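# Observations on the model geometry
So the chains spell out like this:
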Protein chains: 2
Amino acid sequence: MTDDEAIERASRARVGRLATVRPDGRPHVVPFVFALVEADQGVRLYWAVDHKPKTSTALQRIENIRANPAVEVVIDEYDDDWSRLWWVRLSGIARVVSSDDERSIALQALDSKYPRYLTELPEGDVVAIDVRSVTSWTSR
Amino acid sequence: MTDDEAIERASRARVGRLATVRPDGRPHVVPFVFALVEADQGVRLYWAVDHKPKTSTALQRIENIRANPAVEVVIDEYDDDWSRLWWVRLSGIARVVSSDDERSIALQALDSKYPRYLTELPEGDVVAIDVRSVTSWTSR
């Protein structure tokens with residue numbers, strides 16, 4: 001698939017899996033919800049830490065990113081018919097959003113994708129992932 | 001959920017996402033199919049590199065594991081009803097299987113889980129992940 005199609009599929013996906021590297025060098029991976037937006041150069045993902053439940057997991061992700069901002073996200077859909085498999089991988093650099101303006105943009109993007117956020121806005125950190133490379137694969 | 005329930009859910013899952021760390025310290029994450037088996041101590045996952053398509057991705061995973069055997073797997077199911085969300089994370093040590101006997105055990109476990117493997121046995125490397133820790137979360 002083309003990069004444009006890969007980004008389109010990533011944009012539509014309801015969930016992705018985010019890999020970071022812990023300070024001790026071991027990998028960490030969790031499912032996460034995100035919104036994809038157009039950026040000055042390429043695309044950017046936003047995700048937010050919910051205020052509840054305040055798990056150690058959310059904090060681990062933030063701690064990892066502060067120590068090593070390189071992250072990778074995979075988006076895929078599984079099917080027992082393996083001729084239908086595909087994935088899109090987005091590699092990028094993550095940073096905790098510090099500007100109020102950018103936080104508003106991120107929350108608006110998340111709100112419009114996930115109805116749940118309309119009733120309960122995330123109160124934790126917002127993280128931006130500036131995508132540096134797009135890789136995709138399809139079995140077809 | 002208990003560790004036993006987490007392992008049961010992981011065992012039933014048709015797909016997981018596998019995170020490794022590249023030699024340059026960046027994370028790498030891909031969807032993968034696996035079979036979970038009981039081991040002497042705890043549990044073990046097996047997955048196999050298909051012979052076709054012979055992607056650079058499959059090789060990247062193997063290269064990563066040889067340089068840094070620490071891996072993490074996440075198993076989850078997404079639902080727009082966030083009260084139904086859960087995940088199970090398995091952290092462990094990966095190694096390329098070198099013994100013919102263990103390769104047979106692994107392929108048998110994969111065969112019985114995935115019908116596709118009955119018609120087309122993987123010919124690439126088989127990798128074992130010895131699980132060292134189980135973490136789980138549920139929104140309920």
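What you see is a predicted model, and the numbers here were worked out from it, not measured in a lab. (Residues numbered from 1 in each chain as written. Chains lettered and ligands numbered in written order. Predicted model: local features only at pLDDT ≥ 70, side-chain atom pairs only at ≥ 80, totals over all residues.)

## Quick word on the overall build of chain A
- A tally of regular secondary structure across chain A gives 4 helices and 7 strands.
- Ordering the α and β elements of chain A from the N terminus gives α-β-β-β-β-α-β-β-α-α-β.
- Over its C-alpha atoms chain A spans a radius of gyration of 15 Å, differing by no more than 12% from the 14 Å that the globule rule assigns to 140 residues.
- Seen through its principal axes, chain A has C-alpha atoms that stretch 40 × 35 × 30 Å.
- Counting over 140 residues, chain A shows a buried share of 34%.
- Restricting to contacts in chain A with at least 6 residues of sequence separation, those with at least 24 account for 69%. (Helix = DSSP H or I, 4+ residues; strand = E, 2+ residues; numbered from the N terminus. Rg over C-alpha atoms; globule rule 2.2 N^0.38 Å. Buried ≥ 20, exposed ≤ 12 C-beta atoms within 10 Å, placed from the backbone. Contact = placed C-beta atoms within 7 Å.)

## Observations concerning the interface of chain A and chain B
- Counting residues at the interface gives 28 residues for chain A, matched by 28 residues for chain B.
- Those elements giving two or more residues to the side of chain A that touches chain B turn out to be strand S1 (16-21), strand S2 (27-32), strand S5 (70-77) and strand S6 (86-96) of chain A.
- Split into classes, the residues belonging to the side of chain A that touches chain B amount to 14 nonpolar, 7 polar and 7 charged. (Nonpolar A, V, L, I, M, F, W, Y, C, P; charged D, E, K, R; others polar.)

## Considerations on the relation of the copies chain A and chain B
- Expressed as a screw operation, the relation of chain A to chain B combines 0.0 Å of axial shift with a rotation of 180°, fitting to an RMSD of 0.0 Å. Overall, the copies show the geometry of a two-fold rotation axis.
- A share of 100% of interface residues in chain A that are also interface residues in chain B marks the association as one of identical surfaces. (Least-squares fit on C-alpha atoms with pLDDT ≥ 70 in both.)

## Thoughts on the environment of Ile93 of chain B
Residue and element names in this part refer to chain B.
- Its location among the elements puts Ile93 in strand S6 (residues 86-96).
- With 15 C-beta atoms counted inside 10 Å, the residue Ile93 sits in the partly exposed group.
- With 37 residues separating them along the chain, Ile93 and Asp130 place their C-alpha atoms 5.3 Å apart.
- Dropping the residues within four chain positions of it, Ile93 is found in contact with Pro69, Ala70, Asp130 and Arg132.

## Here's the deal with the environment of Val21 of chain B
- Among the structural elements, Val21 of chain B can be located in strand S1 (residues 16-21).
- Along the chain, Val21 of chain B and Val43 of chain B lie 22 residues apart, while their C-alpha atoms are 22 Å from each other.
- The residues touching Val21 of chain B, leaving out its near neighbours within four places in the chain, are Val21, Gly25 and Pro27 of chain A together with Pro27, Asn64, Asn68 and Ala70 of chain B.

## Digging into the pairing of strand S7 (residues 126-138) of chain A
- Relative to S7 of chain A, strand S4 (residues 43-48) of chain A runs antiparallel, the two being bridged by 5 bridges. Across the sheet, residue Ala48 of chain A finds its bridge partner in S7 of chain A, namely Val126 of chain A. (Pairing = 2+ DSSP bridges.)

## Topic: the sheet that holds strand S4 (residues 43-48) of chain B
All names here are of chain B.
- In space, the 7 strands of this open sheet follow the order S2-S1-S5-S6-S7-S4-S3, with antiparallel pairing throughout. Since the sheet does not close on itself, it has two edges, and those belong to strand S2 (27-32) and strand S3 (35-38), each with one partner. Going across the sheet, the axis of each strand differs from the next one's by a mean of 30°, ignoring polarity.
- The sheet strands contacting helix H3 (residues 100-113) are S3, S4 and strand S7 (126-138), and the helix crosses S4 at an angle near 80°. (Axes fitted to C-alpha atoms, helices over the stretch in contact; angles between N-to-C directions.)

## Considerations on the pairing of S6 of chain B
Residue and element names in this part refer to chain B.
- Inspection of the sheet shows strand S5 (residues 70-77) paired to S6 by 8 bridges, in the antiparallel sense. Counterpart to Ile75 in the pairing with S6 is Val88.
- Summarising the sheet, S6 and S7 pair through 11 bridges and their orientation is antiparallel. Opposite Ile93, over in S7, you have Asp130 as the bridge partner.

## A word on the sheet that holds S7 of chain A
All names here are of chain A.
- Spatial strand order, S2-S1-S5-S6-S7-S4-S3: 7 strands in an open sheet with antiparallel pairing. Taken across any chain shown, the strands that pair with only one partner, and hence form the sheet edges, are S2 and strand S3 (35-38). Neighbour to neighbour, the strand axes of the sheet diverge by 30° on average, direction disregarded.
- Sheet topology places S1 next to S5; 3 bridges connect them, and they run antiparallel. Looking at S5, one finds that Ala19 is bridged to Glu72.
- Against the sheet, helix H3 (residues 100-113) contacts S3, S4 and S7, and its axis sits at roughly 80° relative to S4.

## Focus: the confidence of the model for chain A
- Overall, the prediction assigns chain A a mean pLDDT of 92, with 94% of residues at 70 or greater.
- Scored by ipTM, the complex comes to 0.92, with pTM at 0.93. (pLDDT = per-residue confidence, 0-100.)

## Overview of the environment of Arg89 of chain A
Residue and element names in this part refer to chain A.
- Of note, Arg89 is situated in strand S6.
- The class for Arg89 is buried, based on 23 C-beta atoms found within 10 Å.
- When the C-alpha positions of Arg89 and Ile7 are compared, they lie 9.5 Å apart, and in sequence the two are 82 residues distant.
- Ignoring anything within four residues of it in the chain, the contact list for Arg89 reads Glu72, Val73, Val74 and Thr135.

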